[in-house]
Amino acid sequence: MKRDGNNKSLWQEVPDYISKKNQHPDVIYDVVIVGGGMTGVVTALLLQKAGKKCLLAEAHSLGFGTTGGTTAHLNTLLDTPYTTITSNFGSEASQTVARAASEAIDLIEKHVNLYNIQCHFTRTEAYLFSQEKKESEELENIYQASLQAGLSLKYVRNIPITSHFEKALQIEGQGMFHPTKYLLALAKEFERLGGNIQTNCKVENVKEIEDGILVETSTAVFKANKIIYATHIPPGINLLHLRCAPWRSYAIAVKLSHGVYPKGLTYDMKDPYHYYRTQYVDGKPYLIIGGNDHKTGEDVNTELVFRHLQAFAKSIFDIQEVTHQWSSQYFESSDGLPYIGHLPGHSDSYYVATGFGGNGMIYSHVAAMEITNMILSNKSLYTELFSPSRVKPIAGFKNFIAHNADVVKNFINKLIPADTLEELVELAPGEGKIVDFEGSKIALSKDTDGRLHAVSSVCTHMKGTVAWNSTEKSWDCSCHGARYDAEGKVLTGPANQNLETVVLSDLIAES
Ligand SMILES: Cc1cc2nc3c(=O)[nH]c(=O)nc-3n(C[C@H](O)[C@H](O)[C@H](O)COP(=O)(O)OP(=O)(O)OC[C@H]3O[C@@H](n4cnc5c(N)ncnc54)[C@H](O)[C@@H]3O)c2cc1C
């Protein structure tokens, strides 16, 4: 299975999903779902099951986005602690969030049993442990707030890993699974129920017409009554981009020398925190260790981040071999809760689900239940707590869009000699750098065969500057999380357009 990064995650040893369906552009769909990650596939299945005629359009292959780069902890103890949820939204809201998270795990379990999915779904406990006085005080606050939110948890004297700790909480009713095996099984079920999946089908433009919505894609034009952006972050320019910050998290999968793998989900309280769990794949155990998160596009050596994570893991575990390492992107909302519901600035026919932070396995299912219920009965299951309309419009936003939607064209019709650029910066294979050339910034990278790729460094979303991610071999924009491959093609939204290509004269001469 393909993914939006160069490194291989533990979940990619599954085949690309081959859809059975032809396009049928003449059909009017009740709902078009954009994006074939966990959010899109689960939502499509629930709607199709409820009798709606659905089309799921995925720009690449199913699981290509963050779903293929997750670590798949299923936890009701979320990244935003219940202390923060209670102080931002009140104690009733905390209870609603805890209920929603718990219903999400129940739904996963129901799917696993109903469709007999071999994805190693396991109910388990989670452990959160403190290592110093300040963390222990915070742990006590989290304990109280989580208890009030309705979680079943207690202090314990043992944790599954051998780290030193002061205090530790054990939380009941958590889970874990193999995310892409689960995803593909649900996609199959969706098609069995009559749903239509189109892969390699990028939604490029959506417009409202008199009697519905026209969805223009890279392969065909479809007509629908409703549209759901399950694209992790909605494309184009939207208020939600100002409320969701892109972050990158790192994970490794390792084999241990002694063969005793920790049970349960475990978390320390560092900032950023580390997360641990064991996963069986084809009968073999792997310990997954994650952490070292930073804002996307920050000036960090991403290779070095992996080395730090490995060194940290080796300080705790007797590691025989690091079998996988990968990083991926998530979007953090400004107030700690996701945005699920109607897309701001559009009619009620548009829906969105974003801002999941590091809990998108849970929130994808919450979004699927919430949006399905909204479409079927016009009602919220969760007292509109997750409604994106809690984001208030900002004065001057329309002018801001007009200004930023105008993509900069710097290099059109200019031929730039490759050797001139090479003289400006010496790149080793796999490296990338921004080069100043005659007043313009060029994003230059060299692939493993020594070929130079040159694109504009100006992100086509809102004119941010991209930065090279040396391990995933992508150009990442720190502003709103748009990501591009070395040739400038969009890997991850919200950008709709590729980076402008800089034509290198030497390459033209070669071809
Ligand atoms: C390293 C890491 C570890 C994580 N671990 C956990 C965890 O343990 N537990 C947990 O709950 N969460 C975790 N998360 C978060 C979780 O993985 C994500 O929130 C979740 O996968 C998001 O799913 P999604 O379907 O919304 O988005 P994605 O999986 O990103 O899917 C979006 C899809 O939309 C497609 N798309 C985009 N634009 C278009 C377009 N114009 N037309 C058609 N298709 C389009 C993309 O190609 C992509 O396939 C983790 C995140 C990271 C980065």
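Anything mentioned here points back to the structure above.
Below is a summary of the structure that appears in this document.

Digging into the sheet that holds strand β23 (residues 474-477)
Pairing within the open sheet is antiparallel, and its four strands lie in the order β22-β23-β24-β25. Strands with a single pairing partner mark the edges of an open sheet, and in this sheet they are β22 (466-469) and β25 (490-492). Taken together, the four bridges between β22 and β23 define a ladder with antiparallel strand orientation. Its bridge partner lying in β23, Asn469 is registered against Ser474.

Some remarks on the sheet that holds strand β21 (residues 452-456)
Reading across from one edge, β19-β20-β21 is the order of the three strands in this open sheet, with antiparallel pairing throughout. One side of each edge strand has no neighbouring strand; the edge strands of this open sheet are β19 (432-437) and β21. The sheet shows a mean angle of 30° between the axes of neighbouring strands, taken without regard to direction. Alignment of β19 against strand β20 (residues 440-446), held across six bridges, turns out to be antiparallel. Of the residues in β20, the one forming a bridge with Val435 is Ile442.

As for empty space enclosed by the protein
Enumeration over the complete set of coordinates arrives at one cavity of 30 Å³ or more. Within this model, the largest cavity holds a volume of roughly 70 Å³. Along the wall of the largest cavity there are 14 residues; nearest its centre are Thr80, Glu332, Gly336, Phe356 and Gly357.

Observations regarding the pattern of salt bridges
Per the counting criterion, the structure on display carries 21 salt bridges. Residue Asp4 is joined to Arg483 by a salt bridge in which the shortest nitrogen-to-oxygen separation is 3.3 Å. With a gap of 479 residues between them, Asp4 in the segment before β1 (28-34) and Arg483 in strand β24 (residues 483-484) connect regions that are remote in the sequence. With respect to burial, Asp4 and Arg483 carry one shared label: buried. When the shortest N-O distance is used, the salt bridge between Lys8 and Glu13 registers 3.8 Å.

As for the site of the ligand
In the neighbourhood of the ligand, 37 residues make up the surrounding shell, with Thr39, Glu58, Thr67, His73 and Met361 lying closest. Contact between the ligand and Met361: an oxygen atom at 2.8 Å from a main-chain N or O atom of the residue. Protein chains bury 95% of the 1,000 Å² of accessible surface belonging to the ligand in isolation. Lining the shell around the ligand are residues from two domains, each supplying at least three of them: domain 1 (28-69 + 195-242 + 336-386) and domain 2 (74-79 + 98-179 + 244-330).

Criteria and cut-off values
- Residues numbered from 1 in each chain as written.
- Predicted model: local features only at pLDDT ≥ 70, side-chain atom pairs only at ≥ 80, totals over all residues.
- Heavy atoms only, no water.
- Pairing = 2+ DSSP bridges.
- Helix = DSSP H or I, 4+ residues; strand = E, 2+ residues; numbered from the N terminus.
- Axes fitted to C-alpha atoms, helices over the stretch in contact; angles between N-to-C directions.
- 1 Å grid on protein atoms, 1.4 Å probe; cavity = no way out; pocket = protein on both sides within 12 Å on 5 of 7 lines; lining within 4 Å.
- Points joined across faces, edges and corners; volume = space filled by probe spheres on them.
- Salt bridge = Lys/Arg side-chain N within 4 Å of Asp/Glu carboxyl O.
- Buried < 20%, exposed > 50% of the residue type's maximum accessible area, 1.4 Å probe, protein only.
- Near = heavy atom within 4 Å.
- Polar contact = N/O pair within 3.5 Å; in protein donor to acceptor, adjacent residues only side chain to side chain.
- Areas by Shrake-Rupley, 256 points an atom, 1.4 Å probe, with all protein chains shown as cover.
- Domains from an automatic or database assignment.

On their own, these measurements won't tell you what the molecule is for.
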